[in-house]
Amino acid sequence: MRAMVLDAPGHPLVMRGRPLPAPDANAILVAVAACGVCRTDLHVVDGELPHPKLPIVPGHEIVGRVAGIGANVFGFSIGQRVGVPWLGHTCGVCPYCRSGRENLCDAPLFTGYTRDGGYASHAVADAAFCFPLPEGGDDAETAPLLCAGLIGWRSYRIAGEGAALGLYGFGAAAHIIAQVAAWQGRRVHAFTRAGDAEAQGFARSLGAVWAGGSDATPPEPLDAAIIFAPVGALVPAALKTVKKGGRVVCAGIHMSDIPRFPYSLLWEERQVVSVANLTRQDAHEFFAIAPQAGIKTTVVRYPLDRANDALSDLRSGRLQGAAVLIP
Ligand SMILES: [Zn+2]
Ligand SMILES: [Zn+2]
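Predicted model only: the values in this text are computed from it and were never measured.

Novice: How should I be thinking about the coordination of the zinc ion (ligand 2) in this particular structure?
Specialist: As a benchmark, a tetrahedral metal site with four donors has ideal angles of 109.5 degrees, while an octahedral site with six donors has ideal angles of 90 or 180 degrees. Summarising the metal site, the zinc ion (ligand 2) is bound by the protein donors Cys 38 (SG), His 60 (NE2) and Cys 147 (SG), whose distances to it range over 2.0 to 2.2 Å. All donors of the zinc ion (ligand 2) belong to a single chain; written as a sequence motif, their spacing is C-x21-H-x86-C. Taken together, the positions of Cys 38 in the loop between strand 3 (27-37) and helix 1 (39-45) and His 60 in the loop between helix 1 and strand 4 (62-69) put the pair 22 residues apart, joining distant regions of the chain. By relative accessible area, His 60 is classed as buried at 0%.

As structure tokens, then:
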């Protein structure tokens, strides 16, 4: 098999040949058809997340076909189309796992961070955390649903049911959630880097009723805002746009420091919350709703050996939609 490997944070990924692994008893081997490039991969590669397994194969938005099945695995067949997400394993016994909050598990494994992921021709995944996918969809266009879609969905649910929603950072996750929100009749306000007319036009094309710079005032006070960009200064900016009782949801795994701000921005029962990881229940809900909402992802395809280019295009904001690696 071939894999793009990170030996140490801050270094470019290198292509390596490896022997094809055999799945252990509870795992499946997946022949990767497409793997999305998520901002979290950038945080792993740039050393902004602590204690990755090293060397590590990044990538946690995997769409592929079952190519091997462990002895204790039932319910999957060779050749079946599957998805592998960020949540790679949970302990099943900690207080979080036992209370329906496996996203907060005390002893988790994460695909492409603490176990090898999908920047490769093949990946081994814990079968209990893989999702059967229907036949027929385009593999590359499906891949971003596995994280941008799932984490976006969890963030969207936690944002509440208000009609006026702000999305800060119009990348892979926002471009999916904007479509869900518009389909549900909500008014999406998209905040991009100031002056990024292209991203603002992209947001309007996906149903946003308004798009502007992250320093702009939207035409109406918002019920909630979701921050997808890893920029702490957006927290007070978003608090200024939400109405009394409004909620600001931080959807990323890493963010620059939040600058100090006056308490008056938080007063009147405004809330700031973060979203961590996903549960398998989130995935079941989202995969049920995605076809109904008619979500169309916009992807930019890169061959696997150009993973470093995909990461640097994401880092510099040169991408519209989501980058996807094709092995
Ligand atoms: Zn647990
Ligand atoms: Zn991700």
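Novice: Would you explain the coordination of the zinc ion (ligand 1) in this entry?
Specialist: Distances from the zinc ion (ligand 1) to its protein donors, Cys 91 (SG), Cys 94 (SG), Cys 97 (SG) and Cys 105 (SG), fall at 2.3 to 2.4 Å. Here the zinc ion (ligand 1) is ringed by 4 donor atoms whose angles at the metal span 103 to 120 degrees, and the overall shape comes out tetrahedral. Within one chain, the residues donating to the zinc ion (ligand 1) are spaced in sequence as C-x2-C-x2-C-x7-C. By relative accessible area, which is 7% here, Cys 94 ends up buried.

Novice: Would you mind showing me how to read the pattern of salt bridges here?
Specialist: For side chains bearing opposite charge, pairing can occur when the charged atoms are close. In total, this model carries 16 salt bridges according to the counting rule given. Across the pair Arg 16 and Asp 7 runs a salt bridge, and its minimum N-O distance is 2.8 Å. Overall, Asp 7 belongs to the partly exposed group, its relative accessible area being 36%. One salt bridge connects Asp 313 with Arg 318, and the closest N-O pair in it is separated by 2.8 Å. When its relative accessible area of 58% is taken as the criterion, Arg 318 is described as exposed. Here the salt bridges do not stand alone but share partners, grouping Arg 154, Arg 157, Asp 282 and Glu 285 into one network.

Here is what the cut-offs are and how they apply
- Residues numbered from 1 in each chain as written.
- Chains lettered and ligands numbered in written order.
- Predicted model: local features only at pLDDT ≥ 70, side-chain atom pairs only at ≥ 80, totals over all residues.
- Heavy atoms only, no water.
- Donors = N, O, S within 2.8 Å, 3.2 Å for Na, K, Ca; no water.
- Helix = DSSP H or I, 4+ residues; strand = E, 2+ residues; numbered from the N terminus.
- Buried < 20%, exposed > 50% of the residue type's maximum accessible area, 1.4 Å probe, protein only.
- Tetrahedral: all angles 85-135°; square planar, octahedral: opposite > 155°, others 65-115°.
- Salt bridge = Lys/Arg side-chain N within 4 Å of Asp/Glu carboxyl O.

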